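# Survey of secondary and tertiary structure
The lines below spell out each chain.
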Amino acid sequence: MTDRVLMIEDDARLAGMVQTYLGESGFRVAVQGTAAGGLAERRSGDFDAVILDVMLPDGDGFEICRRIRAESDIPILMLTARGDPVDRIVGLEIGADDYLPKPFEPRELLARLQTVWRRSAPAPAAAPEAPAPLRFERLLIDPARRSVQLDGRALELTGTEFELLLMLAAVPGRVFSRDDILTRLRGHAAEDIQSRAVDLLVSRLRRKLEPLDVIHTLRNAGYLFAGVRA
């Protein structure tokens, strides 16, 4: 099945370049140049990912990201201005799975899309060697189904949030630095601004786990998972 991508971008030249490049790689790309058109297209189509620009002529890309995330866990890759690191932080905080600063190489865009797809794609429920669920007091993490339950209630996590929780919970008590987390989740070493993005990602995950307090901060060191095995 061909992967379908929705690109919400008002720069027609950039959108055309991406549409051509991804099309040559076997993807179908629908393009909308406005926030309203993008939202309508996503709701009416069956897409596998969204590429979303921060600056749109009729709306704020961050608000569009919030609205898409409230309706779906579809992977979202945000396009941001190279000189504005705040855009990157806010995008991750409100639910984007990754960001890509402009200008960018089409090959990097494709690589980022493939990364967020891998993080969000559910594993087969009956995989022959599926990893066993991680059971803690009040919390159940199932890597095979990529699901999380708190007190029997399913939690809605983005692909990046799930990967972060699984990384920490797989080794309770181990301290993971921000560099460790970024290297595992994004595949490259951390920079100062990316370290701040990790803090916001952890904060977002903590809110979804409330009232359970299992992700602890070690000052100047990193984060650890303090859950007790059931």
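Predicted model only: the values in this text are computed from it and were never measured.

## Considerations on the pairing of strand β6 (residues 76-81)
By the criterion of burial, β6 is predominantly enclosed, with five of the six residues buried. Here strand β3 (residues 49-53) pairs with β6 via four bridges, running parallel. Paired with I51 across the two strands is L77, which belongs to β6. Direction of pairing for β6 relative to strand β7 (residues 98-102): parallel, over a ladder of five bridges. In the sheet register, A81 faces β7, and the bridge partner there is K102.

## Examining helix α3 (residues 61-71)
Those residues of α3 lying buried are G61, F62, I64, C65, I68 and R69. Mapping the buried residues of α3 onto a view down its axis gives an arc of 155°, with all of them on the same face. Regarding α3, its N-cap is D60, as a side-chain oxygen of that residue lies 2.9 Å from the backbone nitrogen of F62 further along.

## Overview of the nonpolar core
Counting residues in hydrophobic clusters, the biggest one holds 29 residues, and the most contacted among them are L139, I141, I215 and F225. With residues near it in sequence (within four places) discarded, F225 still touches F136, L139, L165, L168, A169, P172, G173, R174, V214 and I215.

## Considering unusual backbone geometry
With omega at -10°, the peptide bond leading from K102 into P103 counts as cis. Relative to the elements of secondary structure, P103 occurs in the loop between β7 and α5 (106-120). A cis amide bond links E210 to the next residue, P211, at an omega of 5°. Mapped onto the elements, P211 comes out in the loop between α8 (192-209) and β12 (215-218).

## Description of the sheet that holds strand β9 (residues 139-142)
The antiparallel open sheet is built from four strands, whose spatial order is β8-β9-β10-β11. A single partner strand is all that each edge strand has here, and the edge strands are β8 (134-136) and β11 (153-154). In terms of strand pairing, strand β10 (residues 147-150) meets β11 through two bridges, oriented antiparallel. Looking at β11, one finds that Q149 is bridged to A154. The strands touched by helix α6 (residues 159-169) within the sheet are β8, β9 and β10, with β9 carrying the most contacts at an inclination of about 110°.

## Focus on the pattern of salt bridges
The full count for this structure, using the stated rule, is 14 salt bridges. Across the pair D151 and R138 runs a salt bridge whose closest N-O atoms are separated by 2.9 Å. Of this pair, D151 sits in the loop between β10 and β11 while R138 sits in the loop between β8 and β9; the two residues are 13 residues apart in sequence, bridging distant segments of the chain. Residue E163 is joined to R146 by a salt bridge in which the shortest nitrogen-to-oxygen separation is 2.8 Å. Remark: R146 occurs in the loop between β9 and β10 and E163 occurs in helix α6; sequence separation between them is 17 residues.

Conventions adopted
- Residues numbered from 1 in each chain as written.
- Predicted model: local features only at pLDDT ≥ 70, side-chain atom pairs only at ≥ 80, totals over all residues.
- Heavy atoms only, no water.
- Buried < 20%, exposed > 50% of the residue type's maximum accessible area, 1.4 Å probe, protein only.
- Helix = DSSP H or I, 4+ residues; strand = E, 2+ residues; numbered from the N terminus.
- Pairing = 2+ DSSP bridges.
- Arc of directions from axis to C-beta.
- Polar contact = N/O pair within 3.5 Å; in protein donor to acceptor, adjacent residues only side chain to side chain.
- Core = buried A, V, L, I, M, F, W, Y, C linked by side-chain atoms within 4.5 Å.
- Contact = heavy atoms within 4.5 Å.
- Axes fitted to C-alpha atoms, helices over the stretch in contact; angles between N-to-C directions.
- Salt bridge = Lys/Arg side-chain N within 4 Å of Asp/Glu carboxyl O.

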